[in-house]
Amino acid sequence: MRIALCRLAAFAIAFVPGAAFAQAIDAKPGLWERTVVMQHVGMPAMPDVSKLPPEARAQFQAMIDQMQGKPVTRRECVTPETLKEWQEYAKGSSDDATCQHTVLESDAKRVRMAVSCQEGKMTGTLEWKASTPESMEGRFDMVDRSTGVERKMNMTMTSRWLGPECGETQSQ
């Protein structure tokens, strides 16, 4: 169960945003800050983590906090190359090579797509909107059937441009 929860959390964090189509994104390259809030419906009971080493317990608690609707914020460097198309932006966001993306609607300011991962065991709809060249907002609604129990996840995302220089922050 812990592995399934970790995979679900990793998928949710890693897959923000993305799409499989060639459309330039109306956003500025540089340092961006992204905040993600996830809500899970039908979460199983959490295991007792009191016997884990302190570091492992802290990592597990951070994952659980995120899955329970607490905001998680990270910074990333978005290069001009990643802004050439939504698909290129997605390459730096998704660790799950099993995902298939079907674009339903798209232009330079927004995308709506269907997502299917793990041979259809995880499916959902992702929407992103570049409100301005310095801000984006999105929503990802997903159903996970990978463990044989259907679990729903809703995620909201906001990203804001911090400036043209990334410093030590990793490129997406």
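Everything quoted here is computed from the prediction, not taken from an experiment.

Enquirer: Whenever I open this one, the overall build of the protein chain confuses me. Can you help?
Expert: In terms of regular secondary structure, the protein chain is built from three helices and seven strands. When its helices and strands are written in sequence order, the protein chain yields α-β-α-β-α-β-β-β-β-β. Across the protein chain, the fraction of contacts at a sequence separation of at least 24, relative to all contacts at a separation of at least 6, is 67%. Surface exposure of the protein chain reaches about 9000 Å², of which carbon and sulfur atoms provide 51%.

Enquirer: Explain the sheet that holds strand S7 (residues 151-163) here, please?
Expert: Across the sheet, which stays open at both edges, the seven strands sit in the order S2-S1-S7-S6-S5-S4-S3 with antiparallel pairing between neighbours. The open sheet has two edge strands, strand S2 (72-78) and strand S3 (100-106), and neither has a second partner. Strand-to-strand twist of the sheet, defined as the mean angle between neighbouring strand axes without regard to direction, takes the value 20°. Here eleven bridges tie strand S1 (residues 30-41) to S7, and the two strands are oriented antiparallel to one another. Directly across from arginine 34, in S7, lies its bridge partner serine 159.

Enquirer: Would you explain the side chain of arginine 151 in this entry?
Expert: Relative to the elements of secondary structure, arginine 151 occurs in strand S7. On the basis of relative accessible area, arginine 151 is assigned to the buried category, the value being 5%. A polar contact is formed between the side chain of arginine 151 and the side chain of threonine 147, at a distance of 2.8 Å.

Enquirer: Quick question: what am I supposed to make of the pairing of S7 here?
Expert: Along any regular strand, the residues point their side chains to alternate faces of the sheet. Here ten bridges tie strand S6 (residues 135-144) to S7, and the two strands are oriented antiparallel to one another. From the neighbouring strand, serine 135 faces S7, where its bridge partner is arginine 160. The loop that links S6 with its antiparallel partner S7 comprises six residues; one of these, glycine 148, has a positive phi angle of about 90°.

Enquirer: What's the story with the nonpolar core in this structure? I'm lost.
Expert: Of all hydrophobic cores here, the largest spans 24 residues; its most connected members are Leu126, Trp128, Met136, Phe140, Met155 and Met157. When residues of this core are traced back to their parent elements, those giving at least two are S1, strand S4 (110-117), strand S5 (122-132), S6 and S7.

Enquirer: What am I meant to see in the packing of aromatic side chains here?
Expert: The geometry of two aromatic rings is summed up by the distance between their centres and the angle between their planes. Taken as a whole and judged by the stated rule, the model has zero aromatic pairs. Here the guanidinium or amino end of lysine 28 rests over the ring plane of tryptophan 161, the centre of that ring lying 4.4 Å away.

Enquirer: When you look at the pattern of salt bridges in this model, what are you seeing that I'm missing?
Expert: If charged atoms from side chains of opposite charge come close, those side chains can pair. Applying the stated criterion across every chain yields a total of eleven salt bridges. Through salt bridges with shared partners, one network takes in Glu33, Arg75 and Arg160.

Enquirer: It is not clear to me how unusual backbone geometry should be interpreted in this structure. Could you clarify?
Expert: Outside of glycine, negative phi angles account for most residues, and trans bonds account for most peptide bonds. Positive phi values are uncommon outside glycine, yet glutamine 118 reaches one of about 50°. By the element assignment, glutamine 118 lies in the loop between S4 and S5. By relative accessible area, glutamine 118 is classed as buried at 13%. Not every positive phi belongs to a glycine, and glutamate 119 is a case in point at roughly 55°.

Enquirer: How should the environment of alanine 27 be read in this particular structure?
Expert: By secondary structure assignment, the location of alanine 27 is in the loop between helix H1 (2-14) and S1. For alanine 27, a relative accessible area of 13% gives the class buried. Through-space distance from the C-alpha of alanine 27 to that of alanine 130 is 6.7 Å; in sequence the pair is 103 residues apart. In this view, alanine 27 contacts Trp32, Leu83, Pro133 and Met136; residues no more than four positions away in its chain are not counted.

Procedures and definitions
Residues numbered from 1 in each chain as written. Predicted model: local features only at pLDDT ≥ 70, side-chain atom pairs only at ≥ 80, totals over all residues. Heavy atoms only, no water. Helix = DSSP H or I, 4+ residues; strand = E, 2+ residues; numbered from the N terminus. Contact = heavy atoms within 4.5 Å. Areas by Shrake-Rupley, 256 points an atom, 1.4 Å probe, with all protein chains shown as cover. Pairing = 2+ DSSP bridges. Axes fitted to C-alpha atoms, helices over the stretch in contact; angles between N-to-C directions. Buried < 20%, exposed > 50% of the residue type's maximum accessible area, 1.4 Å probe, protein only. Polar contact = N/O pair within 3.5 Å; in protein donor to acceptor, adjacent residues only side chain to side chain. Core = buried A, V, L, I, M, F, W, Y, C linked by side-chain atoms within 4.5 Å. Phe/Tyr/Trp six-rings, centres within 6.5 Å; stacked < 30°, edge-to-face > 60°. Lys NZ or Arg CZ within 6 Å of the ring centre and 35° of its normal. Salt bridge = Lys/Arg side-chain N within 4 Å of Asp/Glu carboxyl O.

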